[in-house]
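Spelled out, the chains give:
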Amino acid sequence: MIENKHTITSKQIREQNLQLVRRALHKEQICTASMLKDMTGLSVVTLNKLLSFLIASGEVLEGEKSLLQNGNGRPATTYRFNEMNKLILILSIYTRSGNKYVGYSVHNLFGECLERREELIGEDTIQTNELKIGMERFTFKYPKIAAIGVSMPSDDVGGRVGSAIRHDSQSKRLSSHLEKHFNIPVFFETDINAASLGLYKRCKNQEYVSGIVLVPGKIPTCGFCYNGSVLRGKDGMAGEIRYFPMYNQIGVLPQERMQADDLALRTIRAVMCVLNPGYVAIYTETLKPGITERLKKQLATPAEEALLPKIEVCDNLREDTVSGMISLCLQKLDEH
């Protein structure tokens, strides 16, 4: 008899059922067993066993009797997701007014911020030891931190940190080193990739979104998110729009205002026509206002007009980045 190598074990089934209950409670925050039964399709007997395990592990808290009636006409016990059972630490590197900062923020499992702090980075090149010291300080203060995510601009990508973002063999060594030191998942991501996920979360009813950083004098970057998943290419890299031919190997948006505006419009058109996202956020602080109207005037054919996405011009790259990093940290926790 040939053994089926893909047979699901009872342990795997139990873990899948636990994940069903965790996700249902995370979404609803407070549930009765009857509500969980409807949401998960699991039997009451199975749910009682799973809830007992989750209560013992601290993931779920047993609450008071609900005013909602159960099948017997009696108040039902409520179960509350414990958002403080595990915490998340986000490090975001960014530049403001010519200075480079690292922002630290600690979040619970609902994404609510417990503490936020920013510190000036003295050197031009980011040192992994500098980040490690900051991580140590926060993990000591918050022992329940269970995942660490680090985001940074694409133009800071280089050396060991750059390899970590590219998810190549060197990345595995760096992540492995930090994970062994802290005994929790640690990962790196570019800010625009994380921001595209944060953008997707705040854009309702948009299946495919794209975030583009267009700042004169800076490297343009682009991220894509489809149906809640960040799209990446080979080795984890994607959106390297600085290599579009119209950048002529310079790789940055010009400082001169008219040149920057012209190249920004051509970049948006290229992203539109190649990828056709439904929603695009242009992260910028210094481009000329009215870029959407000027873009519409350049569309020469009905086909290109049909590709025109909804366009938002904003300067909240950091907020979208942190939001996306929280989601990526939650995914890491699910995997572990």
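Everything below is about the structure printed above this text.
Residues numbered from 1 in each chain as written. Predicted model: local features only at pLDDT ≥ 70, side-chain atom pairs only at ≥ 80, totals over all residues. Heavy atoms only, no water.

A. View of the overall build of the protein. From N to C terminus, the protein includes 11 helices and 13 strands. Taken across its 336 residues, the protein has 48% of its residues classed as buried. When contacts within the protein are restricted to residue pairs at least 6 apart in sequence, long-range pairs at least 24 apart make up 63% of them. (Helix = DSSP H or I, 4+ residues; strand = E, 2+ residues; numbered from the N terminus. Buried < 20%, exposed > 50% of the residue type's maximum accessible area, 1.4 Å probe, protein only. Contact = heavy atoms within 4.5 Å.)

B. Geometry of the sheet that holds strand E4 (residues 87-96). What the 5 strands build is an open sheet, ordered E6-E5-E4-E7-E8; its pairing is mixed. Edge positions in the sheet fall to strand E6 (113-120) and strand E8 (186-190), since each has one partner strand and no second. If you compare each strand with its neighbour and ignore which way they point, the axes differ by 20 degrees on average. Direction of pairing for strand E7 (residues 145-152) relative to E8: parallel, over a ladder of 5 bridges. The residue of E8 that forms the bridge with Ser 151 is Glu 189. (Pairing = 2+ DSSP bridges. Axes fitted to C-alpha atoms, helices over the stretch in contact; angles between N-to-C directions.)

C. Focus on the pattern of salt bridges. The tally for this structure, following the rule as stated, stands at 14 salt bridges. Taking the shortest distance from any N to any O, the salt bridge between Glu 83 and Arg 80 comes out at 3.1 Å. A residue is classified by how much of its surface remains accessible, and Glu 83, at 15% relative accessible area, is buried. Take Arg 80: its relative accessible area is 33%, and that puts it in the partly exposed class. Between Glu 115 and Lys 141 there is a salt bridge; the shortest N-O distance is 2.9 Å. Here the residue Glu 115 occupies a position in strand E6, and Lys 141 occupies one in helix H4 (residues 128-141), the gap between them amounting to 26 residues. (Salt bridge = Lys/Arg side-chain N within 4 Å of Asp/Glu carboxyl O.)

D. Structural detail: the nonpolar core. Of all hydrophobic cores here, the largest spans 42 residues; its most connected members are Val 21, Leu 25, Leu 36, Leu 199 and Tyr 283. By residue number, the principal contributor to this core is helix H11 (residues 317-335), which donates 7 residues. Those residues within four positions of Val 21 in sequence are excluded, and the remaining contacts are Leu 36, Thr 40, Leu 42, Leu 47, Leu 50, Leu 51 and Leu 54. The next biggest cluster of nonpolar side chains, apart from the first, holds 24 residues, and it includes Leu 253, Met 272, Ile 282 and Leu 287. (Core = buried A, V, L, I, M, F, W, Y, C linked by side-chain atoms within 4.5 Å.)

E. Quick peek at the packing of aromatic side chains. A full pass over the atoms with the stated rule returns 4 aromatic pairs. Centre to centre, the rings of Tyr 104 and Phe 138 are 5.0 Å apart; their planes meet at 20 degrees, and the pair counts as stacked. Pair noted here: Tyr 104 is in strand E5 (residues 99-107) and Phe 138 is in helix H4, with a separation of 34 residues, a long-range link. With relative accessibility at 2%, the residue Tyr 104 sits in the buried group. Overall, the relative accessible area of 2% leaves Phe 138 in the buried class. (Phe/Tyr/Trp six-rings, centres within 6.5 Å; stacked < 30°, edge-to-face > 60°.)

F. Quick peek at the packing of helix H8 (residues 257-275) against helix H9 (residues 291-298). Contact geometry of H8 with H9 gives a least axis separation of 10 Å together with a crossing angle of 65 degrees. Here H8 is positioned roughly perpendicular relative to H9, judged by the angle of their axes. Crossing hand, H8 versus H9: right-handed. Mapping the contact onto sequence places Asp 261, Ala 264, Leu 265, Ile 268, Arg 269 and Met 272 in H8 and Ile 291, Arg 294, Leu 295 and Gln 298 in H9. (Parallel < 35°, antiparallel > 145°, perpendicular 65-115°, else oblique. Left-handed = near helix turned anticlockwise from the far one by under 90°.)

G. Local environment of the side chain of Glu 304. Relative to the helices and strands, Glu 304 is located in helix H10 (residues 302-306). By relative accessible area, Glu 304 is classed as buried at 10%. If we ignore the near neighbours within four places in the chain, the residues touching Glu 304 are Arg 269, Met 272, Cys 273 and Leu 299.

H. Layout of the packing of helix H1 (residues 10-28) against helix H3 (residues 44-56). Packing of H1 against H3 leaves a shortest axis separation of 10 Å and a crossing angle of 75 degrees. Taken together, the axes of H1 and H3 are roughly perpendicular relative to one another. On the side of H1, the interface is formed by Arg 14, Asn 17, Leu 18, Val 21, Arg 22 and Leu 25, while H3 contributes Thr 46, Leu 47, Leu 50, Leu 51, Phe 53 and Leu 54. Here the contact of H1 with H3 is built from residues that sort into 8 nonpolar, 2 polar and 2 charged. (Nonpolar A, V, L, I, M, F, W, Y, C, P; charged D, E, K, R; others polar.)

I. Spotlight on the sheet that holds strand E13 (residues 310-314). An order of E11-E10-E9-E12-E13 is seen for the 5 strands of this open sheet, with the pairing classed as mixed. The outermost strands of the open sheet, each flanked by one partner alone, are strand E11 (229-230) and E13. Two strands pair when backbone bridges link them, and strand E10 (residues 221-226) and E11 are joined in this way by 2 bridges, in the antiparallel orientation. By the bridge assignment for E11, Tyr 226 is matched with Ser 229.

J. Here's a closer look at the environment of Ile 90. Inspection of the secondary structure assignment puts Ile 90 in strand E4. Considering only alpha carbons, one finds Ile 90 and Gly 103, 13 residues apart in sequence, at a separation of 7.8 Å. Ignoring sequence-local partners within four residues, the contact set of Ile 90 consists of Gly 103, Tyr 104, Ser 105, His 107, Gly 149, Met 325, Ile 326 and Cys 329.

K. Structural detail: helix H7 (residues 191-202). Taking 1.5 Å as the rise per residue, H7 with 12 residues should run 16 Å; its terminal C-alpha atoms sit 16 Å apart, in good agreement. Among the 12 residues in H7, 9 count as buried, and that is most of the element. For H7, the complete set of buried residues consists of Asp 191, Ile 192, Asn 193, Ala 194, Ala 195, Ser 196, Leu 197, Gly 198 and Leu 199. (Expected span 1.5 Å × (residues − 1).)

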